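Geometric and topological summary
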Amino acid sequence: MIAAGQVDVIRINFQKLRLRRPPHLFRSVITGAVWPRSVLGCAPGESTGEVPLVQVSHDDLDSDPALSRERVNFVNFPGSDTALWAEEHSAQLASHESARLQELFKAGGRNILSATTTLEIGIDIGGLSGALMANAPPGRANYQQRAGRAGRRNDGSTLVALFARSLGYEQAIFRDFGALFSKELRKPSIFLERERFGFLHLNAFLLGEFFRQIFPTRITGAMDAFGRMGWFCHMATLTVGAGANPSLRIPAEPYQFETSRPLWWDANPNMGLDQQFIHYMDRLTADPSEIREKYHLLLEGTPLVGKPPVELIERAKKFFIQCINEWTTTYNRLLTAWQNARTQQNNRAVLNAIAFQAQELSKTTVIEALASARFLPRYGFPIGLQALRLPHNSFRDGNSTVKLERDGMLALNEYVPGSRLLAGGRIYSSHGVIRSFDPDGGGFGLTRYRFECTRGHVFYDMQANATQCRTCAAQLRSNRGRPVIVPRFGYSCAAWDPPSWSGDPERIGTTELVSTVDFLNRSGLQLFEAFGGHARLKATFCEGGTLFGANPGPHGFGFAICTNCGYTDGERAIGEGRQNLPPGFESHSPLWSHRANHRCWNAQTTAPVLRNRSLGAETNTDVLQIEVNTLFSRYQQPSDSERIARTFGHAMRLAGAAILEVDTREISVVAARMAGDPWGVHLFDTAAGGSGHIASLLEDQNAWFTGAMDLIRGNEDHDRKCREACLMCLLDAQSQAEFERSKLDRSLTLEFLTEA
């Protein structure tokens, strides 16, 4: 029967499973254990040569002194009539689905909510009897916020439990929970002295005044305050073909107004709001009287106070034109690619793919597009995200219950092909990179090249070839860099592998984070010799630098990417064409096909594939490089130099956060090799675009350095007990990975900094 492909099986229908009281009971005369059935009178694990099980009744057990109390309490326990219904609540859910689950939870329709930090702040459900934390929070404030969700309006006792995983930081909290609460809570702060924030808010004010005059009764959500880019720029849209309906180009519709337009409005019906906004700013530069009072009120207390409106409005106009031109150029290239694809036969899939991509760009909110270009403020908004998308489906359409979008750096671990993630109770598997149909996009996005010199310095460049190390001028391991693709439109699931109710989440590869700032040759850098008054510390500050992250895949050889459909798999070796492709790659099905046996590649001799490509992400922020010069000292061994640099970097991060009274996660640090072989660190604002924290701390670098030294030194009791790191000095959620790899050494760092 098995050879013929037929076997006897038992099929379990879980929808019809029920619990019942066992009609017969059997009890062991040896151990007293009770069993619901007897097989030849035997009990598992009780082999005595005689029959150990005898039949008993429920009445017998109810009167048994050892079992009666437990059985009676269980029968009368009121919770026996209450079912448990748990749901997931995370940022991966669409907003309408999150709101639905919150309402069900408040009403009692769900009694367990497995949540991420989405319920940490701003949610008051009340009546919660307990809170269980599956890991240790990053700080005291986070713990109090999470624990404070429970017992707000509960008359009974409340349980707050914390599970400490086997990680250094969490185990340290478990051993000394009081140390977590010994740290002072930070105070909320607003930094008006930062000039860039004044510019950002002035730009937002001008755009807001523009919309107030032409749409005085318009009411929308926060992200849609200025609409979507396609509508804003009055661009044609592309439809996705379905059934007998092909993909079509739809001209932009005229704007609808409820009131008459202002006098400065250009009557050209084909002019978008972007060009009308430029006209509005031209009018204000000619006569800013209508906004003068609000203008001065907005900039009061900032470095821009007292500057004439004409100067700042003209600056805003020039920057806006630059941002809009970049976006419209990209969108028009897609329209051109779609038009060219129409001339080819049987090209429906390509036309639809281009149309989907154009829709994604068109549906991008104006706030997202202009904030990413640093024209508008971006903090607090979901901006600069990478998506994991289902083929033929966009998370922007409002119909999906999940919204799989992450910051580009996080997506490098969670969304890269091969990874699986849990969202909305189902497992989503990533299988590819969304193809970019922008001819200048390299097929999938921008390409950078990774170089490493013989001394271990790593840098990325836009050129494929280099002759020497940019940091130390040493010989490179290879003059041709390893290509890294920065996906333009994110990652994709496969139609032939729909979301599943079973499976386990999995992350793929690790991310290498490197500053791409050329600290030797870039102009406009600020140099600080003897940083903080210390002769062996040298710092260089770059405002608006770039951080680059790369994931080389599960085996370190990058990914193979099909140029037909975007299907991607981790490489096992270096190869070209069809040589050493990942198993099953040649027979893969297109991502958009629902049939797993539909082959993407035909019998062609060429291989439409990109080989050994890492995947990357980049973000703009302010970067401070600090070189820790251990040369010609007893600390010059590379292992000592690395531990000192990493330890000092985390001390500066924590001290800086304490000085500014901001969350420690708002400042980040990575270690790097410097010129001449010593180690150093790059400190940067975690928020994409830069929050100005590093720039503010540099205004008093001596106080910053002193704060770091005080943190490393501690008191006499701390100095005696702590060698590497602890909760009282350097150990937190950000530093625990280096702590576990023995890359932190508080005592060694203190010796070096005090001796030097």
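These figures come from a predicted structure and were not determined experimentally.

Focus on the packing of aromatic side chains
Each aromatic ring pair is summarised here by two numbers: the centre-to-centre distance and the angle between the ring planes. Evaluation of the coordinates by the stated rule reveals 31 aromatic pairs. Judged by centre distance (5.9 Å) and plane angle (40°), the ring pair of Phe215 and Trp231 falls under tilted. Linking Phe215 in the loop between helix 7 (195-214) and helix 8 (229-232) with Trp231 in helix 8, this pair joins segments that are 16 residues apart in sequence. For Trp231, a relative accessible area of 30% translates into the label partly exposed. On the numbers, 5.2 Å between centres and 50° between planes, the contact of Tyr567 with Phe585 is tilted. With Tyr567 in the loop between strand 22 (559-562) and strand 23 (568-570) and Phe585 in the loop between strand 23 and strand 24 (609-628), this pair connects stretches of sequence that are 18 residues apart. With relative accessibility at 10%, the residue Tyr567 sits in the buried group. Judged by its relative accessible area of 0%, Phe585 is buried. The lysine or arginine in question, Arg110, covers the ring of Trp85, its NZ or CZ lying 3.6 Å from the ring centre.

Let's talk about the sheet that holds strand 18 (residues 491-492)
Ordered in space as 11-10-18-14, the four strands form an open sheet in which the pairing is mixed. The open sheet terminates on both sides in strands that have one partner only, identified here as strand 11 (405-407) and strand 14 (432-433). As paired strands, strand 10 (residues 385-389) and strand 18 are joined by two bridges and run parallel to one another. Considered in strand 18, the bridge of Leu388 is made with Tyr491.

So, the pairing of strand 12 (residues 420-423)
Because side chains alternate across strand 12, one face comprises the buried residues Leu421 and Ala423, and the other comprises Arg420 and Leu422, none of which is buried. Where strand 12 meets strand 13 (residues 426-429), four bridges bridge the pair, whose relative direction is antiparallel. Opposite Leu421, over in strand 13, you have Tyr428 as the bridge partner. What sits between strand 12 and strand 13 in their antiparallel hairpin is a turn of two residues, with Gly424 showing a positive phi close to 60°.

Considering the nonpolar core
Across soluble globular proteins, nonpolar side chains show a tendency to be buried alongside one another. Within the largest apolar cluster, 56 residues are counted, with the highest numbers of intra-cluster contacts made by Leu206 and Leu207. Mapped by element, the contributors of at least two residues to this core are helix 7, helix 8, helix 9 (273-286), helix 10 (292-299), helix 11 (309-341), helix 12 (348-362) and helix 13 (366-372). For this core, the leading source of residues is helix 11, giving 13 residues. Residues contacting Leu206, with those up to four places away along its chain left out, are Phe277, Tyr280, Met281, Leu284, Ile291, Ile313 and Ala316.

What counts, and where the lines are drawn
Within each chain, residues carry numbers counting from 1 in the order of the written sequence. Note on the predicted model: pLDDT of at least 70 is required for a residue's local features to be given, and 80 or more for side-chain atom pairs to be given and counted; whole-chain, interface and lining totals, by contrast, use all residues. Derived side-chain values reflect all non-hydrogen atoms in the structure, with water molecules and hydrogen atoms excluded from consideration. Aromatic pairing here means that ring centres of Phe, Tyr or Trp (its six-membered ring) are within 6.5 Å. Orientation follows from the plane angle: under 30 degrees is stacked, over 60 is edge-to-face, and everything else is tilted. We count a stretch as a helix when DSSP gives it H or I for four or more residues in a row; a strand needs E for two or more, and each element gets its number in order from the N terminus. Each residue is placed in one exposure class: buried if its accessible area under a 1.4 Å probe, protein chains only, is under 20% of its type's maximum, exposed if it is over 50%, and partly exposed if it falls in between. Should the NZ of a Lys or the CZ of an Arg lie within 6 Å of a ring centre and within 35 degrees of the ring normal, that charge is described as sitting over the ring. Any two strands with at least two DSSP-identified bridges between them are counted as paired. Within this scheme, the nonpolar core is defined by two criteria: the residues are buried Ala, Val, Leu, Ile, Met, Phe, Trp, Tyr or Cys, and they are joined through side-chain atoms within 4.5 Å. Only heavy atoms enter the contact rule, under which two residues are in contact if any of them lie within 4.5 Å.

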